[in-house]
Every structure is written in C-alpha cells, then in structure tokens.
Amino acid sequence: MSERLQPGDPAPAFTLPDADGNQVSLGDHAGRKVIVYFYPAALTPGCTKQACDFTDNLDLLAASGYEVIGVSPDAPEKLAKFREKESLKVTLVGDPDKKVLQEYGAFGEKTMYGKKVTGVIRSTFVVGEDGKVVQALYNVRATGHVAKLIKDLDL
C-alpha cells in the first residue's frame, strides 16, 4: 500500500489521457489551485453522484480559483460515455495502470460491504498554487462530499 499524502507534501506530478484522449498534466495547472479527486469507476451510482456534485458546483469552485480533475482507472472511451451521459463539465482522466492512484495513496486495501478488498480509495486532494497538498482527504463519501469540501474551503 502506498504512503498517504499529508498537507505540505508536493503533489505527485502526472500526465494522463482525458475523455477525448488528450494528455492532461497536473503541471499544466501550475500556479493555480486544483482539486484532484479519485473515484473507483465511471457510470456507477456513487461515482455519478460525486461527479455531478462537482459539475453542479463548478462555477462556484472556478470563481474561487479552483480547477477540478477527476481520476479513475477507466479508459478514455468509458470516460467520454460517462461525460456525455451525465453532462459532466469536470475534467476526467484515466489511470488504467493505477500508477497515479498509488502515488496519491488512493489505491490499496479498503473495506467494502464488510470485506477487505483492494481497490480505489475514494479520495480528494486540494493542491495549492505552489504544487503542494493543502488537504488530503481519504475514504470520503460520494454523497455530500462536495458540499463538505466547499464548507471546509470556506467558499
């Protein structure tokens, strides 16, 4: 299992394909605040709720200087279907080899329905303009998470 990130740690750099197959890098957002969230799978109920919550609050987040990137192990084709079906406006990128998920500590052992399994740990990271982690939130809930994040960021 990967080490969990802490506030003040440098956010691991990444370049991953988005829903259109274009490469998206965290470095492209240098000097800006970014919310990077990791979710298990596109087109599933909890992940849909979370992605829709981020989309519904994107104007507020953007007005406060935040950009949002959602990361899952899905292929770009599945991300494109997810974006189209749910009218998502957040940037979705795929990490099929789970390298970035592991670097962020968002892949490993978790408890699901009372059983220990290995998989994506629903996590959210707020990255500051300096590229350092401001908040590292692990095992977040799909529902209500975005509202809590907005409250915690005092937006």
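Our subject is the structure that appears above.
Student: Whenever I open this one, the layout of surface pockets confuses me. Can you help?
Tutor: The probe, sized like a water molecule, is rolled over the atoms to show the empty space still left. Considered as a void within the structure, the largest pocket measures approximately 340 Å³ in volume. Looking at the largest pocket, the residues that line it are P40, K110, T111, M112, Y113, V120, I121, R122, N139, V140, R141 and A142. Considering every element that reaches the lining of the largest pocket, the biggest residue donor is strand β6 (residues 107-112), with three residues. The residue inventory of the lining of the largest pocket, partitioned by class, reads seven nonpolar, two polar and three charged.

Student: Would you mind showing me how to read the pattern of salt bridges here?
Tutor: Side-chain pairing between opposite charges can occur once the charged atoms of the two side chains come close. Counted under the stated rule, the structure contains eight salt bridges. Note that K148 and D152 form a salt bridge whose closest N and O atoms lie 2.8 Å from each other. Of this pair, K148 and D152 are both found in helix α5 (residues 145-152), four residues apart, which corresponds to roughly one turn of the helix. We classify D152 as partly exposed; its relative accessible area is 35%. Three or more residues are tied together by salt bridges with common partners; here these are D20, R83 and E84.

Student: Where do I start with helix α3 (residues 76-86) in this structure?
Tutor: Structural remark: α-helix, 3.6 residues per turn; residues separated by three or four positions point the same way. For α3, the full list of buried residues reads P76, L79, A80 and F82. Viewed along the axis of α3, the buried residues span an arc of 160°, placing them on a single side of the element. Away from the buried face of α3 by more than 90 degrees, exposed residues E77, K81, E84 and K85 are located. Looking at the buried positions of α3, the neighbouring elements they touch are β1 (15-17), α1 (45-56), β4 (66-72) and β5 (91-94). Immediately beyond the C-terminal end of α3, within one or two residues, lies S87, with a positive phi of roughly 55°.

Student: Any chance you could explain α1 here in plain terms?
Tutor: Taking 1.5 Å as the rise per residue, α1 with 12 residues should run 16 Å; its terminal C-alpha atoms sit 16 Å apart, in good agreement. Looking only at α1, the buried set comprises C47, T48, Q50, A51, C52, D53, F54 and T55. Check the buried side of α1 and you find it contacts β3 (33-38), α2 (58-63), β4, α3, β8 (123-127) and α5.

Student: Looking at this model, I keep getting lost on the pairing of strand β7 (residues 115-120). Mind explaining?
Tutor: In this structure, β6 lies alongside β7, joined through six bridges in antiparallel fashion. Residue pairing in the sheet places G108 in a bridge with G119 of β7. Between β6 and β7, which follow one another and run antiparallel, lie two residues, and Y113 among them has a positive phi close to 55°.

Student: Even after reading the chapter, I still don't get the sheet that holds β8, so can you show me in this structure?
Tutor: The strands making up a sheet are joined through hydrogen bonds of the backbone, oriented either antiparallel or parallel. Sheet architecture is open: five strands sit in the order β5-β4-β3-β8-β9, paired in mixed fashion. Either end of the sheet is taken by a strand with one partner, and the two such strands are β5 and β9 (133-138). Averaged over all pairs of adjacent strands, the angle between their axes in this sheet comes to 20°, without regard to strand direction. Sheet analysis places β8 next to β9, joined by five bridges and oriented antiparallel. Residue pairing in the sheet places S123 in a bridge with Y138 of β9. Along the sheet face, α5 touches β3, β8 and β9 and points at about 150° away from the line of β9.

Reading the values: rules and limits
- Residues numbered from 1 in each chain as written.
- Predicted model: local features only at pLDDT ≥ 70, side-chain atom pairs only at ≥ 80, totals over all residues.
- Heavy atoms only, no water.
- 1 Å grid on protein atoms, 1.4 Å probe; cavity = no way out; pocket = protein on both sides within 12 Å on 5 of 7 lines; lining within 4 Å.
- Points joined across faces, edges and corners; volume = space filled by probe spheres on them.
- Helix = DSSP H or I, 4+ residues; strand = E, 2+ residues; numbered from the N terminus.
- Nonpolar A, V, L, I, M, F, W, Y, C, P; charged D, E, K, R; others polar.
- Salt bridge = Lys/Arg side-chain N within 4 Å of Asp/Glu carboxyl O.
- Buried < 20%, exposed > 50% of the residue type's maximum accessible area, 1.4 Å probe, protein only.
- Arc of directions from axis to C-beta.
- Contact = heavy atoms within 4.5 Å.
- Expected span 1.5 Å × (residues − 1).
- Pairing = 2+ DSSP bridges.
- Axes fitted to C-alpha atoms, helices over the stretch in contact; angles between N-to-C directions.

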